[in-house]
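# Residue-level structural notes
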Amino acid sequence: MGSGKSTVGRLVAELLGWKLVDTDALIVRLAGCSIPEQFAAEGGEAAFRDRESQIVLGITAGQNQVIATGGGAPLREENAAALRGAGRVVWLTARPDIVVKRTAHRQGARPLLAGADEEPLTRVLRMMGERSPVYQRLAELVVDTSDRPPMAVAREIVRRTGLNTIV
């Protein structure tokens, strides 16, 4: 959350001439409502994660695509296995203060931050602590997006993954 997955994913896709599949955007389009509305209408995070898994498992068979997932998608082993089998997995990181800054204006659009009993920084730190071990096992490349322009991050990903030499 707030690491730049959608923005950097779009740029990587452009650099490679591939399509971007943003799972959150696809979920919103297919459901016909926002993610917070889905959380409210469908019983919270568990129902959303079920829908997210269906999407992830369906799209990972595609070719020449960059997949930007929501931060919770890799937490389910079946999703992690599908992503690992689909290609190179890149973990975008950002310092907790940067994540809070990037998400502050959209906390209502982020159900895992909205209405939490914790301060945003505390919540972000807790989520990072819970998710980092999973991401570390899954990712073959880790790129910090803190204080960096998205295009610089995208070029680094393309260069370090060796997917294309045209940057």
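Heads up: the structure comes first, above all this text.
Residues numbered from 1 in each chain as written. Predicted model: local features only at pLDDT ≥ 70, side-chain atom pairs only at ≥ 80, totals over all residues. Heavy atoms only, no water.

Here we come to the overall build of the chain. Looking only at helices and strands, the chain features eight helices and four strands. Listed N to C, the secondary structure of the chain is α-β-α-α-α-β-α-β-α-α-β-α in terms of helices and strands. Computed over the C-alpha atoms, the radius of gyration of the chain is 15 Å, within 12% of the 15 Å expected from 2.2 N^0.38 for a compact globule of 167 residues. Expressed as lengths along the three principal axes of its C-alpha atoms, the size of the chain is roughly 45 × 35 × 25 Å. The buried share of the chain, taken over its 167 residues, is 42%. In the form shown here, the chain has an accessible surface area of approximately 8,800 Å², with 52% of it arising from carbon and sulfur atoms. When the 22 positive and 19 negative side-chain charges of the chain are each reduced to one mean point, those points stand 6 Å apart. (Helix = DSSP H or I, 4+ residues; strand = E, 2+ residues; numbered from the N terminus. Rg over C-alpha atoms; globule rule 2.2 N^0.38 Å. Buried < 20%, exposed > 50% of the residue type's maximum accessible area, 1.4 Å probe, protein only. Areas by Shrake-Rupley, 256 points an atom, 1.4 Å probe, with all protein chains shown as cover. Lys, Arg positive; Asp, Glu negative; His and termini not counted. Charge placed at Lys NZ, Arg CZ, Asp CG, Glu CD.)

Under the definition given, this model contains two aromatic pairs. Measuring from ring centre to ring centre gives 5.3 Å for Trp 91 and Tyr 135, while their planes differ by 65°; the resulting arrangement is edge-to-face. Taken together, the residues span a long stretch of sequence, with Trp 91 in strand E3 (residues 90-93) and Tyr 135 in helix H7 (residues 120-138) at a distance of 44 residues. Judged by its relative accessible area of 15%, Trp 91 is buried. (Phe/Tyr/Trp six-rings, centres within 6.5 Å; stacked < 30°, edge-to-face > 60°.)

Moving on: the packing of helix H3 (residues 35-42) against helix H4 (residues 45-59). Where H3 meets H4, the closest approach of the two axes is 7 Å, and the angle between their N-to-C directions is 120°. Classified by the angle between their axes, H3 and H4 sit oblique to one another. Crossing of H3 against H4: the hand is right-handed. Where H3 approaches H4, its residues Ile 35, Gln 38, Phe 39 and Glu 42 are matched on the opposing element by Glu 45, Ala 47, Phe 48 and Arg 51. Residue classes in the contact of H3 with H4 are distributed as four nonpolar, one polar and three charged. (Axes fitted to C-alpha atoms, helices over the stretch in contact; angles between N-to-C directions. Parallel < 35°, antiparallel > 145°, perpendicular 65-115°, else oblique. Left-handed = near helix turned anticlockwise from the far one by under 90°. Contact = heavy atoms within 4.5 Å. Nonpolar A, V, L, I, M, F, W, Y, C, P; charged D, E, K, R; others polar.)

What follows is about the nonpolar core. Of all hydrophobic cores here, the largest spans 14 residues; its most connected members are Val 8, Val 12, Leu 92, Val 143, Val 153, Ala 154 and Ile 157. Residue assignment for this core shows that the elements contributing at least two residues are helix H1 (5-16), strand E4 (141-144) and helix H8 (150-161). Counting residues per element, this core draws most heavily on H1, which supplies six residues. Filtering out sequence-adjacent residues up to four positions away, Ala 154 remains in contact with Val 8, Leu 11, Val 12 and Leu 15. Ranked by size, the runner-up nonpolar core spans nine residues in total, among them Val 56, Ala 73, Val 89 and Tyr 135. (Core = buried A, V, L, I, M, F, W, Y, C linked by side-chain atoms within 4.5 Å.)

Among the secondary structure elements, Ser 3 is positioned in the segment before H1. What makes Ser 3 buried here is its relative accessible area of 6%. Counting along the chain gives 133 residues from Ser 3 to Gln 136, while the straight-line C-alpha distance between them is 15 Å. Every residue in contact with Ser 3, bar those within four places of it in the chain, is listed here: Leu 92, Thr 93, Ala 94, Arg 102 and Thr 145.

For the rest of this paragraph, the subject is H8. Helix length check: H8, at twelve residues, gives a terminal C-alpha distance of 16 Å against a target of 16 Å (1.5 Å per residue), a fit within 8%. Regarding H8, the residues found buried are Val 153, Ala 154, Glu 156, Ile 157, Val 158 and Thr 161. At the exit of H8 stands Gly 162, carrying a positive phi of roughly 70°. (Expected span 1.5 Å × (residues − 1).)

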